[in-house]
Amino acid sequence: MTRVWRRPPWAKPEDKPPTADGFAAEAPNRATVQWVDGAVVYGSLTMISEVQGDVSISDGQRPLYYLSTPTPSKSIAVQEARLQPSKLLHPRYEVVDFVGRTTELLRLEDWRDSARAAAVMLMHGPSGQGKSRLAAHFTRASERAGWQVLHARHGDEVIAPPFEGRLTPQPHSAPDRDGLLVVADYAERWPTRDLVRMVLDSARQRRRTRVLLLSRPAGVWWRTVAYNISASDVSSEDLMLSPLLNQSIDRREVFALARDRFAEALDVPNTRQISAPSTLDLPEFDHVLAVHMAALAAVDAWQRGEHAPDDPGRISAYLLDREMAYWHALHSNGADSLHSEPRTMRRVVFVAALTRALPHDQGIRAIDVTAIASTPEGANRVLTDHSTCYPPSDPSMVLEPLHPNRLSEDFLGLTIPGHSHGAVHAPDSWAIEAIGGLLTSRPPAPIWTRSAMTVLIETAARWPHVASKCLAPLLGTHPELAAHIVGSAAARLAELTDIDHDVLSGVASHLRKKRKADLDSEIAIDALGDRLRGDGGQTTAPAPSKAQQRTSRRLKRLSRSGFRMMNSWRIPGTDDRVDHLVIGPTGVFLVLSMSWDRRLAVRTQSRSGLTHGPFSQRPQLDEARRLARETGRLVNEKLGFDVPIRPSLAIYGPVIPWNVLEIDNVDVYQANRIARYLSKRSVSLGAKEIDQIHRAVRNTLLP
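To start, this report covers the structure provided alongside it. (Residues numbered from 1 in each chain as written. Predicted model: local features only at pLDDT ≥ 70, side-chain atom pairs only at ≥ 80, totals over all residues. Heavy atoms only, no water.)

Here's the deal with the nonpolar core
How we decide: Only buried residues count toward a nonpolar core, which is a set of Ala, Val, Leu, Ile, Met, Phe, Trp, Tyr and Cys residues joined through side-chain atoms within 4.5 Å. The classification of residues rests on relative accessible area computed with a 1.4 Å probe and restricted to protein chains. Under 20% of the type maximum is buried, over 50% is exposed, and intermediate values are partly exposed. Secondary structure follows DSSP: runs of H or I at least 4 residues long count as helices, runs of E at least 2 residues long count as strands, and numbering of each begins at the N terminus. The contact criterion used is simple: two residues touch if any of their non-hydrogen atoms lie within 4.5 Å.
Counting 138 residues, the largest nonpolar core has Met198, Leu213, Phe262, Leu456, Leu471 and Leu493 as the members making the most contacts within it. No other element matches the eleven residues that helix H7 (residues 288-303) contributes to this core. Discounting chain neighbours no more than four positions away, the residues touching leucine 213 are Val120, Met121, Leu122, Met123, Ala184, Ala187, Leu195, Met198 and Trp222.

What follows is the structure, encoded as C-alpha cells:
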C-alpha cells in the first residue's frame, strides 16, 4: 500500500510524515471510515482502487484518536526515586507486584475468548482501585495468547511524533493474530460521540475484536455508550472493581508488600521494622493506591528520620511536600539549577494538573492567562523548568501532570483555599484566579477547557471545598462552561451535594437553550434533570396547542376501550415533552399532533421521505423517533423488560392521501383517523400489563 502524506495546517516546515509505530483515525465529521495499521491518518481518505496498490491521501484534519502498541514497563534509578518518591506510584514503573483480582481476570479472559465478533467491556471503579494495573496484566496475558494489543488515546491528547524509517505496507487481509484488543484508559474523558466512533471503527475489523474501556464512573454515561453501539451488533458489558482490600486480601499484607518493594527501589535497609499505620482500617484506605501511598510515605520518612503521617490527607501532603523539596533543591543547586522559584513551579504544576499535557504554543497561552509569566520568553523558561522536573511522555508536549492522577487531584485540593490541612500544606489564593483565567478567557474556548472541567469535577468529588468554593461560583457566573463537560463528568457533577440547586438549574437551563446535537449534551441534561427533580425542581408545562387539545379529546373517547392516555408529559432532564403517550390493548404509542397549512399538498417519496408542499418534514419524523426511543429507554429501565413504543404523526389541515403509511419507521395519518389507527390493530397487551406499563411511565416521566 502506498501512502501520501499531505502536511497538516499546524505542521512546521521541518516536520516530516508521521511515524509507523502508531496510527490515528479520521476526523469525526466524515462519513467514510478508514482503518490503517502502521500509519498516522489525518482526516478523511480518498481511496483510489483498481490500480497496482491503493493510494491514501489525507486532507490534513486533526486525528480523532491515536492508536499505538503498548510500551513495556520502565525502571527508575535510586537517586531519581529518592528525589521524587511519588514517581514510584506511577503505573509505568510497576514497582509493587500485581496481586489478587483472580475472579476479575477469569471474567476478562472469558469475555475475550468468547465467539462474538465484536465486544466491549467497561471496567470501572473509583480512583486508586487498580484498573490500570489490572488492564496491563490482562493485556500482557492477551499478547501471550496471540492477540494484537493497541492502546487508544483521544486525538486532543496527542501530537503525532515525527516520521522515522519507512512505512511498512499492510495487507488488506487480517494480521496473523487471533484477534485485536483495543484498550482506552480514562474513557470517561473522551467526548461520548468520539468514544462511540472509536468502538464502532474497531468493530469493523476483519477479525475478532475486543475493546476494553477503563473509567471511574459508569451510570447514565455508560448506558448511553452501550445503547449507541448496540445498533451495530456490538455487545457490551461492564465489570465493576470492588475494593480489593474488602476481599480476602489483608490490607496489612498489601502494606508490607508495598513497603518492601519501595524500600528496595529507594535502597533503604531494615524497613521491616516499619509497621502499618493504626488508621489503615479506615474506609479511606479501601483502595490499593491509598495503602501504597501510606507505605511509600512511611519508607521515605524512615530513611529521613521523620515521623510518617497516617491520615490520608496528610500522606498526600507529605508526598507533595517532597516534590516541593525537589524544586527547592534544583533551584538552589549551581549547575543544574531551575530559573523558576519554587512558588512559581508550584503554580505551574497546578496548571498542568488541570490542563494535562499540551502542545508548546498552548502551554505558552496557559502560562500567560494564569499570570505566571508576563512575556513569551518568561513563559518559555517556566515551561523548560517544568519539563526538567516532569519530563513529558510525549517530547512534543509540555506541562506533563503529576502522577498518579489521584495525587495530582490531591495537589489541586490542597492548593485551593478552604481545606482543613493548612497546617501541613498551605493553600494559595492565586489558585482561584488561575482557574478563572484558564476557563473564562476570551473566546474561542482553549483546548484544555474540557480537561480542566473534568479534573475539577473529579477533584471536587473527594475535596468538598473545591465544589463549594471554586466550582459552584465558577458555574454560577459562567454556566456556558457546561457545554465543555463530557457526559460522564456531567453525571458526576449532578452527584456533588456541595453545589446547590440554583447553580445546577442555571447550568441545565443553559444547556437546553444552547442544546447541541451531541450525546454529551443529552447525558448532561438527563443527569442534571434527575438531580433537580430530586431537589424538588419543577418545570411548568406550556399551554397545549389547539392540535394537541383536539387530539386529547379524541383520545379520551378511547378510555372506555381500556386505553390510558398521558398528554404533554416531560422527559426527565430535558425540556422535551411528549404530546401524547397512549397505552392500550394494541400496544404503546407516541403521538405528535401536527397542524399544517391545508393549502399545501402532503407527499411521500419511496416511503423514506415526507414533504408538505416544498418543505421537507424530515425533522418531524426524526423528532418522533427520537422521543419514542428516549421514552422507551427510560420506561424499559423502570420495567426491567422491553416494551416497544410506536411513534406516529397525527396531521390536521391538508388531506392525507392514504389511511396509515409507515414512513421511515414512523406512522403518518390524518388526525381524524387516530381512533381507528389505535384500536384496529392486533391485541398484544392485557389489562394487568397496561396497568404495569402505565405506572412505570408515571414514575418515569414528569407532568
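A look at helix H8 (residues 312-332)
What counts, and what does not: Multiplying 1.5 Å by the helix residue count minus one yields the expected span of that helix. Pairs of N or O atoms within 3.5 Å make up the polar contacts considered here, provided that, within protein, one atom can donate a hydrogen while the other can accept it, and that residues adjacent in sequence are counted only when both atoms are side-chain atoms.
Between its first and last C-alpha atoms H8 spans 30 Å; for 21 residues at 1.5 Å apiece the expected length is 30 Å, and the two agree. Looking at where H8 begins, the residue whose side-chain oxygen comes 2.9 Å from the main-chain nitrogen of glycine 313 is aspartate 311.

A short note on the packing of aromatic side chains
For any pair of aromatic rings, the description rests on two quantities: the centre-to-centre distance and the angle between the ring planes. This is how the line gets drawn: Classification of ring pairs rests on two measures: the distance between centres of Phe, Tyr or Trp rings, Trp counted by its six-membered ring, which must be within 6.5 Å, and the angle between planes, read as stacked under 30 degrees, edge-to-face over 60 and tilted in between.
Tallied over the entire structure, the rule returns five aromatic pairs. For the ring pair phenylalanine 589 and tyrosine 677, a centre distance of 5.7 Å and an interplane angle of 65° mean the geometry is edge-to-face. You can see phenylalanine 589 sitting in strand S15 (residues 587-595) and its partner tyrosine 677 sitting in helix H21 (residues 674-679), a full 88 residues away along the chain. The pair formed by phenylalanine 589 and tyrosine 677 is uniform in burial state, with each residue classed as buried.

As for a positive patch on the surface
To keep it simple, the criterion reads: A patch consists of residues whose relative accessible area exceeds 30% and which take part in no salt bridge; residues with like charges are grouped when within 9 Å of each other, and nonpolar side chains (Val, Leu, Ile, Met, Phe, Trp, Tyr) when within 5 Å. The accessible surface values rely on the Shrake-Rupley method and a 1.4 Å probe; as for residues, cover is taken only from the protein chains in view. Definition used for salt bridges: Asp or Glu carboxyl oxygen within 4 Å of a side-chain nitrogen of Lys or Arg. Residues scored as charged are limited to Lys and Arg (positive) and Asp and Glu (negative), so that His and the chain ends carry no count. Each charge is placed at NZ for Lys, CZ for Arg, CG for Asp and CD for Glu.
Together, Arg550, Arg553, Arg557, Arg560 and Arg598 give the surface a local cluster of positive charge. Examined against the element boundaries, arginine 598 turns out to sit in the loop between S15 and strand S16 (602-605). A residue is classified by how much of its surface remains accessible, and arginine 598, at 67% relative accessible area, is exposed.

Regarding helix H5 (residues 219-230)
Its twelve residues give H5 an end-to-end C-alpha distance of 17 Å, which sits within 8% of 16 Å, the value for a rise of 1.5 Å per residue. Buried within H5 are the following residues: Val220, Trp221, Trp222, Thr224, Val225, Ala226 and Ile229.

Things to note about the pattern of salt bridges
Pairing between side chains of opposite charge can happen when their charged atoms approach one another. By the definition in use, this model includes 38 salt bridges. Put simply, aspartate 664 and arginine 625 hold a salt bridge, and the shortest N to O gap is 3.4 Å. With aspartate 664 in the loop between strand S20 (660-663) and strand S21 (666-670) and arginine 625 in helix H20 (residues 618-639), the pair connects residues that are 39 residues apart, well separated along the chain. Overall, aspartate 664 belongs to the partly exposed group, its relative accessible area being 27%. Residue classification places arginine 625 among the partly exposed residues on the basis of a relative accessible area of 21%. In this structure, arginine 646 engages glutamate 662 in a salt bridge whose closest nitrogen and oxygen atoms are separated by 3.0 Å. Of this pair, arginine 646 sits in strand S19 (residues 645-652) while glutamate 662 sits in strand S20; the two residues are 16 residues apart in sequence, bridging distant segments of the chain. Assessed through its relative accessible area of 22%, arginine 646 is described here as partly exposed.

Comments concerning the sheet that holds strand S18 (residues 615-616)
Applied cut-off: The criterion for strand pairing is that DSSP finds at least two bridges linking the strands in question.
Strand order in the open sheet formed by three strands is S16-S17-S18, with antiparallel pairing between adjacent strands. Of all strands in the sheet, those bounded by a partner on one side alone are S16 and S18.

Section: unusual backbone geometry
It is generally the case that most residues other than glycine have a negative phi and that most peptide bonds are trans. Cis geometry marks the peptide bond from histidine 403 to proline 404; its omega dihedral reads -5°. Note that proline 404 resides in the loop between strand S12 (397-398) and helix H12 (405-415). Here aspartate 233, not a glycine, exhibits a phi torsion of approximately 60°, which is positive. Checked against the element boundaries, aspartate 233 lands in the loop between H5 and strand S10 (235-240). Under the relative-accessibility criterion, aspartate 233 is labelled exposed at 71%. For alanine 371, which is not a glycine, the phi torsion comes out positive at approximately 60°. Its place among the elements puts alanine 371 in the loop between helix H10 (360-369) and helix H11 (376-389). Here alanine 371 falls in the exposed class, since its relative accessible area comes to 61%.

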